Amino acid sequence: MNPFSSGTRLRDMIRAIRACKTAAEERAVIRKECAAIRAAIDENDHDYRHRNLAKLMFIHMLGYPTHFGQMECLKLIASSGFPEKRIGYLGLMLLLDERQEVLMLVTNSLKQDLNHSNQYIVGLALCALGNICSAEMARDLAPEVERLLQFRDPNIRKKAALCSIRIIRKVPDLAENFVNPAASLLKEKHHGVMITGVQLCTELCKHSPEALEYFRKKSTEAIVKTLKDLVNSPYAPEYDIAGITDPFLHIRMLKFLRVLGQGDADASDCMNDILAQVATKTESNKNAGNAILYECVETIMSIEDSGGLRVLAINILGRFLSNRDNNIRYVALNMLMKAITVDGQAVQRHRTTILECVKDSDASIRKRALELVYLLVNESNVKPLTKELIEYLEVADQEFKGDLTAKICSIVAKYSPEKIWYIDQMLKVLSEAGNFVKDEVWHALIVVISNASDLHGYTVRALYRAFQISSEQESLVRVAVWCIGEYGDMLVNNIGMLDIEDPIVVTEADAVDIVDTAIKRHDSDLTTKAMAMIALLKLSSRFPSCSERINHLIAQYKGSLVLELQQRSIEFNSIIASHQNMKSVLVERMPVLDEATFIGKRAGNIPASLSTSNGAAISLPNGVSKSAAPLVDLLDLSSEDVPVPSSSGSDFIQDLLGLDLAAAPEQPGSNFAPKSGTDVLLDLLSIGTTPPVQNTASATDILSNQEKSPTSQLDGLSSLSPLSASKFPAAVSAPTIDLLGGLAPNVASADENGSVHPSIVAYESGSLRITFDFSKTAGSPQTTLIHATFKNLSPNIYSNFIFQAAVPKFLQLHLDPASGSTLPGSGNGSITQKLRVTNNQHGKKHLVMRLRIAYKVDDKDILEEGQVSNFPRNL
Amino acid sequence: MGIRFILMVNKQGQTRLAQYYENLTLEERRALEGEIVRKCLARNEQQCSFVEHRNYKIVYRRYASLFFLVGVDNDENELAILEFIHLLVETMDRHFGNVCELDIMFHLEKAHFMLEEMVMNGCIVETSKSNILSPIQLMEKSS
């Protein structure tokens, strides 16, 4: 009784599912069915087991979980009837996979069935084993399969051959056992056995060099002869496809010949004739014939060279390429990719046709062709090919533009013969498809522009023109804005005119218009707007006539809801309004960007930049919210390249040193005049300061000679703040700290009760003294409240007084607002500020802090820095 | 090596038969089928029968309302797979007599049996229609 014809319930279920109008309905039907099947499983129902499994397979196909039916497969396999076994094995292959532990349980049934007297049952077991066997099963059952390779019925031998493939893939060590039986399969006449035997031999060659050597010697001639017989065989209705007898067998044999011939001249020689015969005699007006030709070409390209054959193969590809059938063109492009390494010249001949394929309406063909063109490009043809591709970019589909743009950019960057050409092509790409250009591509362009000093004027003018036409392309806008900010004066004055250029008249107002447009475009993103803001700042210094307007433009963003823009607006506004003296230095043209560094960074060689990791360590100055990162952004690219001084190797110290100031303490007493464009923050804050009093080198030496532990090194660093070194000579300060260090254990117990700690002079220079008073709140020994008092010892009044502090990562610092920002002279008053420090490693590490104090005297900006490491030990 | 999955899908994109020769979880299968079907069904008659998706190459062919999609490795002969799809359809035709979507739906297990005789573990086992169908006919006779 056939379980499927009698069991109307399976049909009913399928009908019910078909009738469902929505996915929800379908889920409901499936849920009901699954519940019924589970119930049947629980009752151990024999009669409908196969029908339930058939249902589960349908449910599985629809994509619903069916794991609960797995054990039913095993029960069916273990039953004696053929139909039950049949459906059980099918369920096993569909519902299970080799990762399931259930597989362990099936090994025994499989072994029994492989030895069954009914050959159809043996066939079922072989098929299941070939589809799902695991490494363990492969080891257990390999002897059975090996034996079955010699079974009397060819239908069993062919399945055993494919089963062997699975076994040696799972356990390559077993390969050698199969070499001899596989070789004898090649001599058979049955097509099924031949096609599986050839596949098994190919697989064996992949896993074992010995097998490859063996087949080369023993089987090459035999295979060549078999293939010859096949090619010349009379009409065989059972295997005939479009006048060719069993094209599938042809193809598998050609594949096997490829493996044998690759890297072996003798074997290649042996197959030359038959390959030539296949290549010339095969009919190419039907798909089956083309499939054989295609395989034959690949084999010719892979085996050892014999001139004539290669020409034949390339000609076939040429024919394929001009075929009207898209499938044939597709495979031709695919094969030309492989042929290019063998015979680049021959492929180059088809360049025009291939370029046409890039413009095909079929996405699959376009993709293949584009990849091929990419391989075809070299120094000599880069210009015409790029021209073609860029022209096509104008009309390409939106979804293809991304791929195309990436490839063009890569080609241009790789083969560009000169900078002006590179810049020209990139501007074209940006104008056409700027929205598809990746960030690193336009970053690279800016680096190149920055390095081509003789092309600055040309580039900025070209960008100006491009912007007029393509202002909707984001990355074009960014590059244009950056260049106008940097080289705006060259734009207006037609500086660096090249012969090929038409002169243009651009007024300062026109240039500002561009940036104005960029910042106001509704689809400009934050990066573009922020870049435009910087460009405005730079232009305000380059174009004094527009300064008023620019100031107004920048000020519009003071109320921006985007923090970044608001902050830039306020900062830049204050630079323009009250720091005229440093503005011109601040907005100077960027120094030439270092190409090597940029390339290195793209390759990921440079570790995470200093600025971002340490940015967080800068604490809030006087309670005003201000993060360090945007300042670094000011001059974007270069700021991240601050070299880390090698002498400050220990992380501990690095933590202490805020931002880019890393270099400063390493050069004791040196003034903070700008060294390069890279120390951005340093520049920003220190321009116009009087250099701090020079510290004598000898004093530093004395200190550094005493340095032993990391903390004493810090002591040394702290006393670098010029006057504290002179006031507390090294000999004195070190014992003081020792003294405190010695006290620490004794004070520790008192500390718990919120005891009073001695006040310290945290910082003292010629004119400024900072004292810290400490207090603790009961119950939180980790937290220290610091009451800082600032006193001005000079006769002048300090205005805009800002105190900043930074601490290493194991500390947390909170600053309350200062009591004021003006500090009267001659010690006649003071500013106080409260700090709260939480030491996450209380008892293990001691407090340390780095200070920066900025103020104005007689309209001059002063910056002072120091380090506090004479904190009482037990805070 | 070779074939990694075979799908039969109707015009509406519903799966009618799915056979995988590699391990994918249920979720992966659902996602993969959805993506592939969307991609292939959107193409027109003139476009070629090959679509690259993830690390598969999909060779597909349409017969009336039914799409046959075969996922293969990159080094597989695409034209041969196209021919293989046709052989599969002819074999089903011979058994069902002008096969249609409903035949496959209501005789899912038979379609699988045929496929099992043709492909094992992603490799072609047999290309003769009578050899493929004889065990199935034998089973029908005996029941």
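Quick look at the structure, then. (Residues numbered from 1 in each chain as written. Chains lettered and ligands numbered in written order. Predicted model: local features only at pLDDT ≥ 70, side-chain atom pairs only at ≥ 80, totals over all residues. Heavy atoms only, no water.)

The next thing to look at is helix H15 (residues 265-281) of chain A. All names here are of chain A. With 17 residues, H15 should cover 24 Å at 1.5 Å per step; its first-to-last C-alpha distance of 24 Å lies within 8% of that length. At Asn272, H15 shows its largest kink, close to 45 degrees. Looking only at H15, the buried set comprises Ala267, Ser268, Met271, Asn272, Ile274, Leu275, Gln277, Val278 and Ala279. The inward-facing, buried residues of H15 abut helix H13 (209-231), helix H14 (247-261), helix H16 (287-302) and helix H17 (307-321). For H15, the N-terminal cap is Asp264; the gap from its side-chain oxygen to the backbone nitrogen of Asp266 is 3.2 Å. (Helix = DSSP H or I, 4+ residues; strand = E, 2+ residues; numbered from the N terminus. Expected span 1.5 Å × (residues − 1). Bend = angle between axes of the 7 residues up to and from the residue. Buried < 20%, exposed > 50% of the residue type's maximum accessible area, 1.4 Å probe, protein only. Contact = heavy atoms within 4.5 Å. Polar contact = N/O pair within 3.5 Å; in protein donor to acceptor, adjacent residues only side chain to side chain.)

Attention shifts here to the sheet that holds strand S3 (residues 50-53) of chain B. Residues and elements named next belong to chain B. Strands sit in the order S2-S1-S5-S4-S3 across an open sheet of five strands; the sheet is antiparallel. Looking along the sheet, the strands with just one partner apiece sit at the ends: strand S2 (15-20) and S3. The mean inter-strand angle of the sheet, taken between neighbouring strand axes irrespective of direction, is 20 degrees. Where strand S1 (residues 3-10) meets strand S5 (residues 66-72), seven bridges bridge the pair, whose relative direction is antiparallel. Note that in S5 the partner of Asn10 across the bridge is Leu66. Strands S1 and S2 of the sheet are contacted by helix H4 (residues 108-118), whose axis makes an angle of about 35 degrees with S2. (Pairing = 2+ DSSP bridges. Axes fitted to C-alpha atoms, helices over the stretch in contact; angles between N-to-C directions.)

Residues and elements named next belong to chain A. Of the two faces of strand S7 (residues 811-815), only the one carrying Leu811, Leu813 and Leu815 is buried; Gln812 and His814 on the other face are not. Two elements, S7 and strand S8 (residues 830-839), share five bridges in a ladder whose sense is antiparallel. Looking at S8, one finds that Gln812 is bridged to Thr838.

Below, the discussion takes up a nonpolar patch on the surface. Nonpolar side chains collect at one region of the surface, where Met71, Met104 and Leu105 of chain A lie side by side and expose about 310 Å² of accessible area between them. Residue position: Met71 of chain A is located in helix H5 (residues 70-78). (Patch = residues over 30% accessible without salt bridge, like charges linked within 9 Å, V, L, I, M, F, W, Y side chains within 5 Å. Areas by Shrake-Rupley, 256 points an atom, 1.4 Å probe, with all protein chains shown as cover. Salt bridge = Lys/Arg side-chain N within 4 Å of Asp/Glu carboxyl O.)

Now for the interface of chain B and chain A. Contacts between the two partners involve 57 residues from chain B, matched on the other side by 72 residues from chain A. Between chain B and chain A the total buried area reaches about 5,900 Å² when both faces are included, carbon and sulfur atoms providing 54% of it. Joining chain B to chain A, the criterion identifies 31 residue pairs in polar contact (both at pLDDT 80 or more). When residues of the side of chain B that touches chain A are traced back to their parent elements, those giving at least two are S2, helix H1 (26-41), S3, helix H2 (78-96), helix H3 (101-106), H4, strand S7 (123-124) and helix H5 (129-142) of chain B. No other element matches the eight residues that H2 of chain B contributes to the side of chain B that touches chain A. Taken together, the residues of the side of chain B that touches chain A sort by class into 26 nonpolar, 15 polar and 16 charged. (Buried area = accessible area lost by both parts, 1.4 Å probe. Nonpolar A, V, L, I, M, F, W, Y, C, P; charged D, E, K, R; others polar.)

Here we take up the nonpolar core. Residues and elements named next belong to chain A. With 285 residues, the main nonpolar core has Leu204, Phe215, Ile354 and Leu404 as its most contacted residues. Sort the elements by how many residues they give to this core and helix H27 (residues 474-493) lands first, with 12 residues. Ignoring anything within four residues of it in the chain, the contact list for Phe215 reads Val179, Ala182, Ala183, Cys201, Leu204, Cys205, Thr220, Phe256 and Leu260. (Core = buried A, V, L, I, M, F, W, Y, C linked by side-chain atoms within 4.5 Å.)

Residue and element names in this part refer to chain B. End to end, H5 covers 20 Å across 14 residues, agreeing with the expected 20 Å (1.5 Å per residue, within 8%). The sharpest bend along H5 reaches about 30 degrees and sits at Pro135. Of all the positions in H5, only Lys129, Ile132, Leu133, Pro135, Ile136 and Met139 are classed as buried.

This next bit is on the pattern of salt bridges. Going through the model one piece at a time under the given rule, you end up with 49 salt bridges over all chains. Glu126 of chain B is paired through a salt bridge with Lys158 of chain A; the nearest N and O atoms lie 2.7 Å apart. Residue Glu126 of chain B is found in the loop between S7 and H5, and its partner Lys158 of chain A is found in helix H10 (residues 154-170); the two belong to separate chains. Per residue, the accessibility class of Glu126 of chain B equals that of Lys158 of chain A, and both read buried. A salt bridge links Arg478 of chain A to Asp525 of chain A, with the shortest nitrogen-to-oxygen separation between them at 2.6 Å. With Arg478 of chain A in helix H27 and Asp525 of chain A in the loop between helix H28 (508-520) and helix H29 (526-542), this residue pair connects regions lying 47 residues apart in the sequence. Here Arg478 of chain A falls in the buried class, since its relative accessible area comes to 7%. On the accessibility criterion, Asp525 of chain A (32% relative accessible area) is partly exposed. Three or more residues joined by partner-sharing salt bridges are found here, namely Glu213, Arg216, Lys217 and Asp264 of chain A.

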